[in-house]
Amino acid sequence: MELITKDLLINFLFILLPLFLLQMFYSLKFVYSIDKLKDTIFTILCLVSIILCMLFPFSVGDGLFWDLRRIPFIIGILYGGRKTAFILLSSILVIRFFLWGENVGFYIAVITFTIMAIIVSYVSSFYSKMSLGNKLWVSSLLVLLSTQITFVTATVIFNVNLNAEMWIEFFAIATVGSLLATLLIEVIRMNSDLLEKLMKAEKLEVVSHLAASISHEVRNPLTTCKGFLQLSYEGEKSPEIKQYLGTAIKELDRASDIVNDYLTFAKPAPEKVEKVFIFEEVQRVVKVLTPLANMQDVQIFTNLDESDNTFILGDRRKLEQSLINIVKNGIESMPEGGKLEINTVVDYPVVRIEIRDEGKGMTQQQIHRLGEPYFTMKDHGTGLGMMVSFSLIKSMHGQITVQSEVGKWTFFTIEFPVA
Ligand code: ADP
Ligand code: MG
C-alpha cells in the first residue's frame, strides 16, 4: 500500500472518532436534558476532527499538505448551517496559517475552503429534508467537488506539479470517507430519533393504563347513582321534583359519556366503525364550543365543504372529541379574543380539516412535544388533550400536522382518507 493511503486512513480514524463521541452524547442527552448544547457539540466535534486531521497530514512537497479535513468541514456545514460554516472556515484558515505559515498551500486552502463554505452553506438549507440516498450523493459530490477545486487551483493558478496517481488515490479515499461518515451520522441520528419515540410511547402507555383504571372506577359509581335516581324518578309524584330528577339523570348520562369519550384512547382501536359525515361533526363541535368562545371574545368562522364524499370511516364520538380538544386549545390560546377559522376541504382521496387560530403560537420545540402526556404550558392544564387527539386521530388512520409562529398563529391540519 502506498504511504499516502496509510496516512489518509489515519485521518479517516480522526473523522470516525468524533462520530462515536456524538453517538455517546446523543445517548447522554436523554439522561440529562441538554438539548440546548446539541448544535454547539456538533460544531465542536467537527472542529476536533478537523484539527486532528490537520495535525497528521501528508506532505506532498511545494508547501502542500494533504489531509481529509474537508470531510468534517463539508459534513459539519451540511448539518450545522451557516454559523458552523463561519466557525469552521475561520478555524481552518487560522490553524493552517500558524502550523505551516504563509505559502502556496495556504492560498490554495483559502480559495478552496472559502468557495466550499459558500456553496455548502447554500446547500445545507435544503439538505435536512433530503432522503438518505440524496444526502449520500450530495455529501460525496461536494467532497469530490472540493478536491477538484483544490486540484484546479493548485495546477492552473499556482502551477504546482502533481503526481496524477496520488491525486486519484486522494479523490477516491475522500469520496468513500465522506460516504461512510454521512451514513454513520444518519444512523446515529436515526437511533436517537427512535429512542426519543420509544420514550414517548412508553410514557403514553403508562397514562393509558392509568386512564383505563380510572375510567373503570368512575363509571361504577356513576351507574349506581343513576340506578337510584331512576328508582326515585319512577316513584315520584310531584312533577317539579320529577323534572329535577330527570335533569339529574340526563346529566349523569352526559358525565358517563364524557368519561367514556375522554378515556377511549386507552383502547385506540375504534370500537364502532361507521360512516362519519365530517361536515356534520365539525358543526356539532362548533356548537359545543361556541359558548366558551363567546366567553373569551373569540369568533369562530367556518368554511365547510358540503360535497357528498366528505364521509370518512371511523367513530363519530372520537372524531368529535379530538376536534374539541384541538379547537378548545385554539380558543384558549387567545385570552384577549380573536378569530378562529375552521375549514374543511375535500382533496380526493383525502379530506382535510384545517383549524387556524391567531393565538400565542408555539416554538418548534413545543410543537415537537405536542402529544406527549402531561406536556402543558398552562397553569391548570392537564397536558392530556393533545395526546388524546393524536391517538384518536391515528386510530382512525388520520394524519395531523401542526405549524405555528410564536405570538402569531397556529395551524392544525388533519387529514383523513375519504371513505
Ligand atoms: P392543556 O390544554 O391541558 O395544556 P393539551 O395537550 O391540550 O393540554 O395542550 C398542550 C399544550 O400545547 C398547551 O398547554 C399549549 O401550550 C400547547 N398548545 C396546544 N394547542 C395550541 C394552540 N392552538 N396554540 C398555542 N399553544 C397550543
Ligand atoms: Mg387542551
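Residues numbered from 1 in each chain as written. Chains lettered and ligands numbered in written order. Predicted model: local features only at pLDDT ≥ 70, side-chain atom pairs only at ≥ 80, totals over all residues. Heavy atoms only, no water.

## Some remarks on the nonpolar core
As a rule of thumb, nonpolar side chains are buried together in soluble globular proteins. Filter applied, for reference: By nonpolar core is meant a set of buried Ala, Val, Leu, Ile, Met, Phe, Trp, Tyr and Cys residues that side-chain atoms within 4.5 Å join together. Per-residue accessibility, obtained with a 1.4 Å probe over protein chains only, is compared with the maximum for each type, and a residue is labelled buried under 20%, exposed over 50%, and partly exposed between these values. Secondary structure elements follow DSSP: runs of H or I of four or more residues count as helices, runs of E of two or more count as strands, with numbering from the N terminus. Contacts between residues were defined by any pair of non-hydrogen atoms, one from each residue, lying within 4.5 Å.
Residues Leu68, Phe73, Ile74, Leu78 and Leu142 are the most contacted members of the largest nonpolar core, which totals 47 residues. For this core, the elements supplying multiple residues, two or more each, are α1 (3-31), α2 (38-55), α3 (70-80), α4 (82-100), α5 (104-127), α6 (132-157) and α7 (164-235). What Leu78 contacts, discounting residues up to four positions off in sequence, is Val120, Val123, Ser124, Tyr127, Ser139 and Leu142.

## A short note on the domain arrangement of the chain
To keep things clear, this is the line we draw: Boundary definitions for the domains trace back to an automatic or database domain assignment.
Assigned domains within the chain: domain 1 (2-199), domain 2 (204-266) and domain 3 (274-417). Inter-centroid distance (C-alpha atoms) of domain 1 to domain 3 is 45 Å.

## With respect to the layout of surface pockets
The test is simple: Here the term cavity refers to a set of points on a 1 Å grid, laid over the protein atoms alone, in which a 1.4 Å probe fits but cannot get out; the term pocket refers to an open set having protein on both sides within 12 Å along at least five of seven lines, with lining residues being those that place an atom within 4 Å of a point. Grid points are joined across faces, edges and corners, and a volume is the space filled by probe spheres set on the points.
Approximately 1300 Å³ is the volume found for the second largest pocket. At the level of elements, α8 (239-262), α9 (278-295), α10 (316-332), α12 (385-395) and β9 (409-417) are the ones that each hand at least two residues to the lining of the second largest pocket. For the lining of the second largest pocket, the element with the most residues is α10, which contributes 10 residues. Split by domain, the residues of the lining of the second largest pocket number at least three in each of domain 2 (204-266) and domain 3 (274-417).

## Examining unusual backbone geometry
It is generally the case that most residues other than glycine have a negative phi and that most peptide bonds are trans. Here the residue pair Tyr348 and Pro349 is connected by a cis peptide bond, since its omega of 10° sits within 30 degrees of zero. Of note, Pro349 is situated in the loop between β6 (338-347) and β7 (350-357). Of note in this structure, Asp297 is not a glycine but carries a positive phi near 65°. Tracing the chain through its elements places Asp297 in the loop between α9 and β4 (298-303). We classify Asp297 as exposed; its relative accessible area is 61%.

## A short note on the pattern of salt bridges
As a reminder, the rule being used: A pair is scored as a salt bridge if a Lys or Arg side-chain nitrogen falls within 4 Å of a carboxyl oxygen belonging to Asp or Glu.
As enumerated under the stated definition, the model contains 14 salt bridges in all. Close ionic contact of Glu280 with Arg284 constitutes a salt bridge, the shortest N to O distance being 4.0 Å. You can see Glu280 and its partner Arg284 sitting in helix α9, 4 residues apart, about one turn around the helix. The salt bridge partner of Glu332 is Lys378, with a shortest N-O separation of 2.7 Å. On the criterion of sequence distance, the pair formed by Glu332 in helix α10 and Lys378 in the loop between α11 (364-369) and α12 is long-range, its members being 46 residues apart.

## What about the site of ligand 1?
Test applied: For each residue, the test is whether any non-hydrogen atom lies within 4 Å of the molecule or strand; if one does, the residue is near. For this analysis, a polar contact is any N or O atom pair within 3.5 Å, provided that within protein one partner can donate a hydrogen and the other can accept it, and provided that sequence-adjacent residues contribute only side-chain to side-chain pairs. More than half of a molecule's atoms lying within 2 Å of a cavity's or pocket's grid points is what places that molecule inside it. All residues other than Ala, Val, Leu, Ile, Met, Phe, Trp, Tyr, Cys, Pro, Asp, Glu, Lys and Arg, Gly among them, are scored as polar; the first ten of these are nonpolar and the last four charged.
Ligand 1 sits among 19 residues. The nearest are Asn329, Asp357, Thr376, Lys378 and Thr382. Measuring from an oxygen atom of ligand 1, one finds a side-chain N or O atom of Asn329 at 2.7 Å. Taking Gly383, its main chain carries an N or O atom lying 3.0 Å from an oxygen atom of ligand 1. A molecule is said to occupy a pocket when more than half its atoms come within 2 Å of that pocket's grid points, and by this definition ligand 1 occupies the second largest pocket. At the level of secondary structure, the elements contributing two or more residues to the shell around ligand 1 comprise α10, α12 and β9. For the shell around ligand 1, the class distribution of residues is 7 nonpolar, 10 polar and 2 charged.

## Description of the packing of α4 against α5
The line we're drawing: To define axes, lines are fitted to C-alpha atoms, for helices over the stretch in contact only, and angles between the resulting N-to-C directions are given on a 0 to 180 degree scale. To sort the angles, those under 35 degrees are grouped as roughly parallel, those over 145 as roughly antiparallel, those from 65 to 115 as roughly perpendicular, and the leftovers as oblique.
Interhelical geometry of α4 versus α5 gives an angle of 175° and a closest axis separation of 10 Å. Regarding the angle of α4 to α5, the classification is roughly antiparallel. Of the residues in α5, those in contact with Arg82, Ala85, Leu89, Ile92, Leu93, Arg96 and Phe97 of α4 are Gly105, Phe106, Ala109, Val110, Phe113, Thr114, Ala117 and Ser121. Here the residues of the contact of α4 with α5 sort into 10 nonpolar, 3 polar and 2 charged.

## Some remarks on α9
What counts, and what does not: To estimate how far a helix should reach, multiply one less than its number of residues by 1.5 Å. We define the bend at each residue as the angle formed by axes fitted to the 7 residues ending at it and the 7 residues starting at it.
Taking 1.5 Å per residue, 18 residues should reach 26 Å; α9 reaches 26 Å between its end C-alpha atoms and fits that length. Roughly 45° is the biggest bend found in α9, and it falls at Leu289, with proline Pro291 one to four residues downstream.

## Overview of the confidence of the model for the chain
Definition in use: Every residue gets a pLDDT, meaning the predictor's confidence in that residue, from 0 to 100.
Per-residue confidence for the chain averages 86 on the pLDDT scale, and 92% of its residues sit at or above 70. By mean pLDDT, strand β1 (residues 58-59) is the weakest element of the chain at 72, and β9 is the strongest at 96.

## What to know about the pairing of strand β8 (residues 399-405)
Condition: Strand pairing is assigned whenever DSSP detects at least two bridges linking the two strands.
Looking at chain direction, β8 and β9 are connected through 7 bridges and run antiparallel. In the strand pairing of β9, Ser404 is matched with Thr410. Where β8 folds back on β9, the antiparallel hairpin that results is connected by 3 residues, among which Gly407 adopts a positive phi of roughly 80°.

## Quick word on the side chain of Ser49
You can see Ser49 is positioned in helix α2. Apart from the residues lying within four places of it in its own chain, the contact partners of Ser49 are Phe14, Ile15, Pro18 and Pro72.

## Considerations on the sheet that holds β7
One key point about sheets: their strands pair by backbone hydrogen bonds, in either a parallel or an antiparallel sense. Read across the open sheet, the 5 strands follow the order β4-β6-β7-β9-β8; overall the sheet is mixed. Where the open sheet ends on each side, the last strands, each with one partner, are β4 and β8. Across this sheet, the average inter-strand angle for adjacent strands is 15°, counted without regard to direction. Relative to β9, β7 is paired through 8 bridges, and the arrangement is antiparallel. By the bridge assignment for β9, Ile353 is matched with Ile414. Of the strands in this sheet, β4, β6, β7 and β9 touch α9, which is tilted by about 170° from β4.

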